[in-house]
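# Descriptive analysis of the structure
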Amino acid sequence: MQMASGEEFVRKREFLLCVDIEGTVLDTLRLQQEQAFCPALIEVFELEADRTVMAKLWMQASVESCMRGENRFRILVHVCRMAMEKQIFVPGFDEICAWVESGSELTHGALAARVKRGAGPALARALEWSRDVNRRLNFMPKEYTPFPSAKSCLAAAHSVADIIAVGTGTAACVRAIWEKSGLAGYADAVIPVPGGNRYDALAGFFHEGYLPSHMLVIGDTLGDARLAQQAGALFFPILPGCEEVCWQRLYEEGLLKFLHGSYAGMYETKLRNAQSSFLM
C-alpha cells in the first residue's frame, strides 16, 4: 500500500505491531506538555498569579487522566472547568467551550479560518495559545531516548512481526524524531497521523491480510485502546509513569503470549482494565 510519506509498504510477516511513538516509545508527551502547552496557557491567558495551580491542573489532565492524548482544545476546556472549581476563571472560557462543543472541526487550521472570518476575541486568544504551543514545540529538541525495554522489545519483535510506528506531526518531523532516537531499523513504516480518528489513516495497514489475533496495538492513551478495538486488533497499554515496567512486561511476557496465541481473553482484559483504572 502507498504510505502518506510516498513510500511503499508491503506485508512481509505473519504478525503486525502498531506502535504509538509519543508517550509510548519515547517520553515526549510529558515534555511537550511541560515545556509547550502549559507555559503557553499561563502566558497567553494571563494566569501568572495562579501559575502553580494551573500547571498542576494541566499536567494532571494532559498526562495522568483519560484526557491523555486528546485534542488540545478539548484538554483546554477540561482544564478551564477544573480551574473554575478552584475559583480561577480563564478569559473567554464560555465562547471557547461553545466552539469545542459545537461539533466543529477542532484543528488549528479550522480555528484560524474561523478567527479570520471574525470569530471574536475569545477564539482569537485560543488561536494565539495554539500558535504559541506550536512555536514552543518547534524549538524543542528532536532527539529523545527511547525507554530501554521499548528498544529491546521492538528489536525482538521485528524478527517476527511487521512494525508500523505512528506519530503526530508532519511526515518529515515524525520520521526525524524516530530516526534521531536510534530507532530507524525497528520499523517497516513510520506514519504521520493527524488529530482525530487514527483508524481512518491506518485502516489500510490493518487490512493487509493479518489475522485479528496477529495484530497488536501498543499505546499509552484510551484513544490507542479505541484504535485497537476499531481495527479488531489486540491491545497492550503503556501506563504513564510506569513505562519501563510495562515495556519490560511486554518484552518478557506479553510478546510471547501474542506470538503463541494466548494473549486474547483474560490476559488482555486484565491489561485493559488496568489502563481504565489508571486513567480515571
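Cut-off values and rules
- Residues numbered from 1 in each chain as written.
- Predicted model: local features only at pLDDT ≥ 70, side-chain atom pairs only at ≥ 80, totals over all residues.
- Heavy atoms only, no water.
- Salt bridge = Lys/Arg side-chain N within 4 Å of Asp/Glu carboxyl O.
- Helix = DSSP H or I, 4+ residues; strand = E, 2+ residues; numbered from the N terminus.
- Buried < 20%, exposed > 50% of the residue type's maximum accessible area, 1.4 Å probe, protein only.
- Pairing = 2+ DSSP bridges.
- Right-handed = clockwise from strand over helix to strand, strands pointing away.
- Polar contact = N/O pair within 3.5 Å; in protein donor to acceptor, adjacent residues only side chain to side chain.
- Axes fitted to C-alpha atoms, helices over the stretch in contact; angles between N-to-C directions.
- Contact = heavy atoms within 4.5 Å.

## Some points on the pattern of salt bridges
Under the defined criterion, the tally for this structure stands at 13 salt bridges. One salt bridge connects Arg 13 with Asp 162, and the closest N-O pair in it is separated by 2.8 Å. Remark: Asp 162 occurs in strand S2 (residues 161–167) and Arg 13 occurs in the segment before strand S1 (15–20); sequence separation between them is 149 residues. The partly exposed category is assigned to Arg 13, whose relative accessible area is 22%. The partner of Glu 179 in a salt bridge is Arg 175, and the shortest N-O contact between them spans 3.7 Å. Taken as a pair, Glu 179 and Arg 175 lie in helix H8 (residues 171–180) at a separation of four residues, close to a single helical turn. One salt-bridge network, held together by shared partners, links Lys 12, Arg 13, Asp 162 and Asp 188.

## Observations regarding the pairing of strand S4 (residues 215–219)
A regular strand places its side chains on the two faces of the sheet in alternate fashion. When you tally the buried positions in S4, you get five out of five residues, the bulk of the element. Of the pairings in the sheet, the one linking S1 to S4 comprises four bridges and is parallel in character. Looking across to S4, one finds that Leu 16 is bridged to Met 215. When S4 meets strand S5 (residues 234–237), the two strands line up parallel, connected through four bridges. What sits directly across from Gly 219, in S5, is Pro 237. Between the parallel elements S4 and S5, the chain passes through helix H10 (residues 222–231) in a crossover that is right-handed.

## As for the side chain of His 158
When you line up the elements, His 158 lands in the loop between helix H7 (148–157) and S2. By relative accessible area, which is 14% here, His 158 ends up buried. Among the polar contacts listed, one links the side chain of His 158 to the side chain of Asp 188, at a separation of 3.0 Å.

## Description of the sheet that holds S4
Reading across from one edge, S3-S2-S1-S4-S5 is the order of the five strands in this open sheet, with parallel pairing throughout. Each edge of the open sheet is held by one strand with a lone partner, namely strand S3 (189–192) and S5. Taken over all neighbouring pairs, the strand axes of this sheet differ in orientation by 20° on average, direction set aside. Its contacts with the sheet put H8 on S2 and S3, and the angle it makes with S3 is roughly 135°.

## Topic: the pairing of S1
Most of S1 is tucked away, with six of its six residues classed as buried. By the alternation rule, side chains of S1 split into Phe 15, Leu 17 and Val 19 and Leu 16, Cys 18 and Asp 20, which are all buried. In this sheet, S2 lies alongside S1 in parallel orientation, the contact comprising six bridges. What sits directly across from Asp 20, in S2, is Val 166.

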